[in-house]
Amino acid sequence: MKNLLAVQGQIKSGELRVTDVAEEHISLIKEKNPAINAIIHFDEEKVRAEAGIIQNKVDAGTAGPLAGAVVAIKEAFSEKGKKLTCSSNALRNFESIYDATVVRKLKEADALLIGRTNMDEFAMGSSTENSIHGATRNPVNQEYVAGGSSGGSAAAVAAGMSHAALGSDTGGSIRQPASYCGVVGVKPSYSRVSRYGLVAYASSFDSVGPIAGSVTDAALLLNTLAGHDPLDNSSSQRPVEDYTAGLEDREANLTIGVPEEYFGEGLDPEIRSSIESQLSQLEQEGAKLLPVSLPHTKYSIAAYYILATAEASSNLARYDGVRYGHRADFKEVEKELGAERERVKQALKGKSHAEVEAAFAELDSPLIRLYKKSRTEAFGKEVKRRILLGTYVLSAGYYDAYFGKAQKVRRLIQQDFEKVFSQVDVIVTPTTPTTAFKIGEKVNDPVQMYLNDMYTTSANLAGICAINVPAGIHPNGLPYGIHFMGNAFHEKDILRAGRRVELLQG
Ligand code: GLN
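Residues numbered from 1 in each chain as written. Predicted model: local features only at pLDDT ≥ 70, side-chain atom pairs only at ≥ 80, totals over all residues. Heavy atoms only, no water.

K.L.:
Would you explain the sheet that holds strand S7 (residues 255-259) in this entry?
P.N.:
Sheet strands associate in pairs through backbone hydrogen bonding, adopting either a parallel or an antiparallel arrangement. What the 11 strands build is an open sheet, ordered S1-S3-S2-S4-S6-S5-S10-S11-S9-S7-S8; its pairing is mixed. Here the strands that pair on one side only, and so sit at the sheet edges, are strand S1 (39-41) and strand S8 (288-292). Averaged over all neighbouring strand pairs, the angle between strand axes comes to 35 degrees, with direction disregarded. As paired elements, strand S9 (residues 426-430) and strand S11 (residues 479-486) share five bridges and run antiparallel to each other. The residue of S11 that forms the bridge with proline 430 is isoleucine 482. (Pairing = 2+ DSSP bridges. Helix = DSSP H or I, 4+ residues; strand = E, 2+ residues; numbered from the N terminus. Axes fitted to C-alpha atoms, helices over the stretch in contact; angles between N-to-C directions.)

K.L.:
I'm lost on the packing of helix H13 (residues 381-394) against helix H14 (residues 399-421) in this one. Help?
P.N.:
To describe two helices that pack against each other, one gives the angle between their axes and the distance between the axes. Look at H13 against H14: their axes get within 6 Å of each other, and the N-to-C directions meet at 105 degrees. Taken together, the axes of H13 and H14 lie roughly perpendicular to each other. When H13 is examined against H14, the residues Tyr392, Val393 and Leu394 are found in contact with a partner set consisting of Tyr399, Tyr402 and Phe403. Here the residues of the contact of H13 with H14 sort into six nonpolar, no polar and no charged. (Parallel < 35°, antiparallel > 145°, perpendicular 65-115°, else oblique. Contact = heavy atoms within 4.5 Å. Nonpolar A, V, L, I, M, F, W, Y, C, P; charged D, E, K, R; others polar.)

K.L.:
Would you mind showing me how to read empty space enclosed by the protein here?
P.N.:
Any space left empty among the atoms is revealed by the rolling of a water-sized probe across them. Applying the stated criterion across every chain, the model contains three cavities of 30 Å³ or more. Taken as a whole, the largest cavity encloses approximately 90 Å³ of empty space. Ala123, Gly125, Ser126, Gly148, Gly171, Gly172, Ser173, Tyr201, Tyr304, Tyr305, Arg386 and Asp453 are the residues that line the largest cavity. Taken together, the residues of the lining of the largest cavity break down into four nonpolar, six polar and two charged. Within this model, the second largest cavity holds a volume of roughly 50 Å³. Forming the walls of the second largest cavity are Ala76, Phe122, Ala123, Ser168, Thr170, Leu198, Val199, Tyr201 and Asp206. Residues that form the lining of the second largest cavity fall into these classes: six nonpolar, two polar and one charged. (1 Å grid on protein atoms, 1.4 Å probe; cavity = no way out; pocket = protein on both sides within 12 Å on 5 of 7 lines; lining within 4 Å. Points joined across faces, edges and corners; volume = space filled by probe spheres on them.)

K.L.:
Mind showing me how you'd approach the nonpolar core here?
P.N.:
Ranked by internal contacts, the top residues of the largest apolar core, which has 110 residues, are Leu106, Phe122, Phe417 and Phe484. Considering every element that reaches this core, the biggest residue donor is helix H9 (residues 300-315), with nine residues. Residues within four places of phenylalanine 122 in sequence aside, it is in contact with Cys86, Ser88, Ala90, Leu91, Val199, Tyr201, Leu316, Tyr319, Phe379 and Val383. Residues Ala72, Ala146, Ile174 and Val183 belong to the second largest nonpolar core, which totals 33 residues. (Core = buried A, V, L, I, M, F, W, Y, C linked by side-chain atoms within 4.5 Å. Buried < 20%, exposed > 50% of the residue type's maximum accessible area, 1.4 Å probe, protein only.)

K.L.:
Which parts of the structure should I look at to understand the pairing of strand S3 (residues 112-117)?
P.N.:
Across the six residues of S3, six count as buried, placing the element largely inside the fold. The sheet contact formed by S1 and S3 spans two bridges and is antiparallel. Bridge pairing in S3 links histidine 41 to arginine 116. As judged from the five bridges shared by strand S2 (residues 70-74) and S3, these two strands associate in the parallel manner. From the neighbouring strand, isoleucine 73 faces S3, where its bridge partner is arginine 116. Crossover connection from S2 via helix H4 (residues 101-108) to parallel S3: handedness right-handed. (Right-handed = clockwise from strand over helix to strand, strands pointing away.)

K.L.:
Got a minute to help me understand unusual backbone geometry in this structure?
P.N.:
Phi is mostly negative for residues that are not glycine, and the peptide bonds are mostly trans. Between glycine 148 and serine 149 the backbone carries a cis peptide bond, its omega angle lying at 10 degrees. On the secondary structure map, serine 149 appears in the loop between S3 and helix H5 (151-158). If you check the backbone angles, phenylalanine 122 has positive phi at about 55 degrees while not being a glycine. Inspection of the secondary structure assignment puts phenylalanine 122 in the loop between S3 and H5.

K.L.:
Help me understand the site of the ligand, please; the structure alone is not making it clear to me.
P.N.:
By nearness alone, 15 residues border the ligand, and Thr170, Gly171, Ser173, Tyr304 and Arg386 come closest of all. A distance of 3.3 Å separates an oxygen atom of the ligand from a polar atom in the backbone of glycine 172. In the model, an oxygen atom of the ligand is placed 3.4 Å from a nitrogen or oxygen of the tyrosine 305 side chain. Here the ligand loses 100% of its free accessible area of 290 Å² to cover by the protein chains. Judged by the proximity of its atoms to the pocket grid, the ligand belongs to the largest cavity. (Near = heavy atom within 4 Å. Polar contact = N/O pair within 3.5 Å; in protein donor to acceptor, adjacent residues only side chain to side chain. Areas by Shrake-Rupley, 256 points an atom, 1.4 Å probe, with all protein chains shown as cover. Sits in = over half its atoms within 2 Å of the grid points.)

K.L.:
How should the packing of aromatic side chains be read in this particular structure?
P.N.:
Centre-to-centre distance and the angle between the planes together describe a pair of aromatic rings. Taken as a whole and assessed by the stated rule, the structure comprises 16 aromatic pairs. Judged by centre distance (5.7 Å) and plane angle (45 degrees), the rings of phenylalanine 94 and tyrosine 324 are tilted. Placement of phenylalanine 94 in the loop between S2 and H4 and of tyrosine 324 in the loop between H9 and helix H10 (330-347) is noted, with a sequence separation of 230 residues between them. By relative accessible area, which is 31% here, tyrosine 324 ends up partly exposed. (Phe/Tyr/Trp six-rings, centres within 6.5 Å; stacked < 30°, edge-to-face > 60°.)

K.L.:
Help me understand helix H1 (residues 4-13) in this model?
P.N.:
Given 3.6 residues per turn, any residue in an α-helix points the same way as the ones three and four places further on. Among the residues of H1, Leu4, Val7, Gln8 and Ile11 are the ones counted as buried. All buried residues of H1 lie within an arc of 100 degrees about the axis, which places them on one face of the element. Where H1 is buried, its residues contact helix H2 (18-36), helix H3 (44-60) and helix H7 (215-225). Sitting at the head of H1, asparagine 3 places a side-chain oxygen 2.9 Å from the backbone nitrogen of leucine 5. Among the residues trailing H1, glycine 14 stands out with phi positive, at a value near 90 degrees. (Arc of directions from axis to C-beta.)

Just geometry here; none of it tells us what the structure is for.
Written out as structure tokens, the structure reads:
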């Protein structure tokens with residue numbers, strides 16, 4: 001992994017040219033990407049041309065704050081003229097017609113956008129295996145998953161194919177792959193970063209943030225990404241802070257809440273003891289540790305998978321194959337319906353005309369059948385599972401029992417955090433209960449897959465910010481992370497805590 005700040009220093013002093021940085025990354029991608037499959041669309045010539053333009057700005061003294069930064073973009077974000085498939089057959093041939101606000105901001109800051117990264121279909125998953133582009137492999141050990149859904153972004157950064165990458169996090173999709181690949185990932189508070197141009201999964205959870213090689217690099221990216229956007233009414237009007245300022249200040253107080261509920265059953269003992277020993281090192285350096293309790297955490301996975309699927313079922317209704325996206329062959333639809341009418345006719349031979357007509361009326365109309373067939377062909381298994389689950393929990397008979405109840409639980413989880421944040425600056429937990437799992441190991445076991453999110457979904461339920469920072473290498477050779485959560489709009493606290501852990505690693 002490279003240190004973006006150092007690269008920028010060399011570019012400023014003229015020691016290094018943006019065009020050289022671009023070449024270096026182009027050859028790295030060619031060398032490493034075929035095995036890792038992190039970057040799925042990449043236009044070498046365009047990258048070269050862009051790098052030339054940025055270097056000219058550097059020479060003229062007009063370059064933006066991210067000049068020299070090579071950034072990969074998760075395929076869930078619109079980038080004008082680039083393919084946006086969201087790893088789904090539904091959007092196999094879709095091309096973005098505008099820039100997402102965060103993409104525009106990165107361009108305006110003179111970041112070099114190097115390519116589009118692989119993800120789980122519509123950001124639903126924890127392994128980047130649910131993808132029409134095939135699975136992304138963990139650069140640390142290619143038999144293992146990179147995590148998900150922003151697995152391509154985390155793997156690109158971990159393999160040095162980009163300095164940083166854009167991810168989205170609905171229940172952990174920035175932090176979990178960052179943990180599995182050994183890089184930094186920040187999920188900002190809900191509404192801190194514009195979602196305009198991000199394909200919606202669960203709109204009251206979706207957050208946009210950076211994945212990078214260090215806390216400082218992530219903070220630098222966040223400076224550009226954060227802020228109000230008139231095109232996203234939910235984005236906050238709060239002024240943006242300088243997230244890089246004060247990161248090295250080790251004198252400032254830091255009170256860390258340690259919730260017992262996050263260190264219990266299911267946690268790998270090695271990860272537990274490593275985090276505990278790092279916490280005591282932080283304590284020796286002056287941080288205060290405070291045992292705290294977040295009693296409703298045990299319901300967060302259940303609440304998340306009810307509420308997120310409910311929102312997803314509504315958001316994904318737009319893929320009807322009529323306005324855009326995959327459309328089934330209409331001739332096939334007509335053929336199917338024709339055959340069904342024929343079958344009805346045969347079955348009701350000798351019955352009255354009215355009876356036959358009544359049976360015909362039970363069949364789908366051509367339009368309804370077109371929707372059904374298009375969506376059946378468009379979506380993968382996991383996406384279908386979530387649409388079914390989401391429509392079920394929203395249906396009249398079950399709304400109160402599931403959706404309504406989960407909303408109440410969400411409120412209780414938020415209140416737990418409010419209470420604890422009146423006493424502490426940050427809350428520490430592991431990011432994931434284990435290190436990365438093997439490719440294929442959990443694809444047929446959705447519950448095991450969902451349990452990956454046991455420490456990350458609560459931050460999305462509460463709308464607060466959180467970070468993954470690499471915390472060590474397990475005896476099995478794979479990285480794992482430490483997770484700090486901060487109160488809404490307290491990004492500086494989690495960055496500060498993360499930087500201290502980074503300094504412990506030496
Ligand atoms: N793994 C979680 C899920 O499958 C989180 C995904 C995300 O944050 N986009 O829903």
